[in-house]
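Per-entry structural report
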Protein chains: 2
Amino acid sequence: MITLNDKTYTCPVDVTLGFIGGKWKLLILSHLHWQQQRSYTQLRENLPGISEKMLSQQLKELERDLLVTKSVISRKPYRVHYSLSEEGKSLSPLYEFMSGWGVQYLKEHGIDYVQDQHLYK
Amino acid sequence: MITLNDKTYTCPVDVTLGFIGGKWKLLILSHLHWQQQRSYTQLRENLPGISEKMLSQQLKELERDLLVTKSVISRKPYRVHYSLSEEGKSLSPLYEFMSGWGVQYLKEHGIDYVQDQHLYK
DNA sequence: GCAATAACTTACCAAAAAGTAGGGAACAAT
DNA sequence: ATTGTTCCCTACTTTTTGGTAAGTTATTGC
């Protein structure tokens, strides 16, 4: 058993899972991987079905875990953008592989998927 | 949106997640990746904390999704073993990467992890 | 001044995932 | 005959996760 931040993990895969587990984290991360940096609103619009609560909660956790960086790009009209940190970028092979595997799966099962059809703006 | 088996997915990453999401699936798959094939009991002993319910439930889903193959190796004393199917093996880069990333993370944070310390038999 | 927009937060509720505890068939070993 | 082992299944409960809806602050544009 591995202990880290008061939680126990069974193996290194489990440790990694601790950072990216759950319904939304990998989707947010991979979205940032393809789109570089996005505002809160852009993220919400491009993650169909996510609620504001989930988005801010997950972003907060990703920030805490240093996978995502939040930059305040303007103070007077308060505007931010989110992007992958170096740590977040170190998971890039994962985003690439999981996307590729998904695309391949869809192809092999005759479901047509147009690149970026999930981007709404 | 992508529709597949009555569920909807937001992007290819989400599709992949549909197969390996949850607390146990990646742990089971990566265990099978490193150990080739295991009996039900061996799996249970090497996935600390898993309940029998979870193990059989997840194995069943992995079988249904064709990521894992169950072979009856003996009928008279009923013995089986589980192993990765070709489809399951096609996810190998994932097991390798996630394990490597976890090990690296632990190393960088001064937590010592001995290779295979999670194997109990 | 008033509606609109960005970037959130909060309280509350529902659903899904996981855990607990037990049972049970089939054989093997003593 | 009794105990142990493998390989599960089922009902029930708890925990975790996620969803809904509303509210908040600040600012821009008309």
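What counts and what doesn't
Every chain is numbered on its own, with residues counted from 1 as its sequence reads. Chain A is the first chain written and ligand 1 is the first ligand written, with later ones labelled in order. In keeping with the model being predicted, local features are shown solely for residues with a pLDDT of at least 70 and side-chain atom pairs are shown and tallied solely at 80 or more, while totals for entire chains, interfaces and linings include all residues. Derived side-chain values reflect all non-hydrogen atoms in the structure, with water molecules and hydrogen atoms excluded from consideration. Grouping buried Ala, Val, Leu, Ile, Met, Phe, Trp, Tyr and Cys residues that are joined through side-chain atoms within 4.5 Å yields what is termed a nonpolar core. Each residue's exposure class comes from its accessible area (1.4 Å probe, protein chains only) as a fraction of the maximum for that residue type: buried when under 20%, exposed when over 50%, partly exposed otherwise. Any two residues having at least one pair of non-hydrogen atoms within 4.5 Å are treated as being in contact. Aromatic contacts are taken between Phe, Tyr and Trp rings whose centres are within 6.5 Å, Trp giving its six-membered ring; a plane angle under 30 degrees counts as stacked, one over 60 as edge-to-face, and the others as tilted. Strands here mean DSSP runs of E at least two residues long; helices mean DSSP runs of H or I at least four residues long; both are numbered from the N terminus. A 1.4 Å probe that fits but cannot get out identifies a cavity on a 1 Å grid over protein atoms alone, an open set with protein on both sides within 12 Å along at least five of seven lines counts as a pocket, and a residue lines either if it has an atom within 4 Å of a point. Grid points are joined across faces, edges and corners, and a volume is the space filled by probe spheres set on the points. A 1.4 Å probe defines the accessible area here, and the buried area is the portion of it lost by two parts on being joined, summed over both. Here a salt bridge means any side-chain nitrogen of Lys or Arg lying within 4 Å of a carboxyl oxygen belonging to Asp or Glu. The term polar contact refers here to a pair of N or O atoms within 3.5 Å; inside protein, the definition further demands a hydrogen-donor-capable atom paired with an acceptor-capable atom, and it admits residues adjacent in sequence only when both atoms are side-chain atoms. Residues are grouped as follows: Ala, Val, Leu, Ile, Met, Phe, Trp, Tyr, Cys and Pro are nonpolar; Asp, Glu, Lys and Arg are charged; every other residue, Gly included, is polar.

**What about the nonpolar core?**
A:I20, A:I28 and B:I28 are the most contacted members of the largest nonpolar core, which has 68 residues in total. Among residues more than four places away in sequence, those in contact with B:I28 are B:L47, B:I50, B:L55, B:Q58, B:L59 and B:L62.

**What to know about the packing of aromatic side chains**
Counting across every chain of the model gives six aromatic pairs over all chains. Aromatic side chains A:F19 and B:W101 sit 5.7 Å apart centroid to centroid with 75 degrees between the ring planes, which places their arrangement in the edge-to-face category. Separated into two different chains, A:F19 in helix α1 (residues 12–20) and B:W101 in helix α6 (residues 92–108) make up a pair that spans both. With centroids separated by 5.7 Å and ring planes inclined at 20 degrees, the aromatic side chains of B:W101 and B:Y105 adopt a geometry described as stacked.

**As for the layout of surface pockets**
Over the atoms, a rolled probe matching the size of one water molecule traces out where space is still vacant. Residue and element names in this part refer to chain A. Reported here for the largest pocket is a volume of approximately 620 Å³. Contributing to the lining of the largest pocket are 25 residues, with K7, Y9, D14, G18 and F19 lying nearest its centre. Elements that contribute at least two residues to the lining of the largest pocket include exactly β2 (7–9), α1 and α4 (52–64). No other element matches the four residues that α1 contributes to the lining of the largest pocket.

**Some thoughts on the interface of chain B and chain A**
Contacts between chain B and chain A engage 38 residues on the former and 38 residues on the latter. Buried surface at the junction of chain B and chain A, summed over both partners, amounts to about 3,600 Å²; 76% is from carbon and sulfur atoms. Looking at the side of chain B facing chain A, the largest losses of area belong to B:V13, B:M98 and B:W101, adding up to 18% of the total buried there. Counting the contacts that link chain B with chain A gives zero salt bridges. Scanning the region where chain B abuts chain A turns up six residue pairs in polar contact (both at pLDDT 80 or more). Elements represented by at least two residues in the side of chain B that touches chain A include exactly β1 (2–4), α1 (12–20), α2 (25–35) and α6 of chain B. In terms of residue count, the dominant contributor to the side of chain B that touches chain A is α6(B) (eleven residues). For the side of chain B that touches chain A, the residue count by class is 27 nonpolar, nine polar and two charged.

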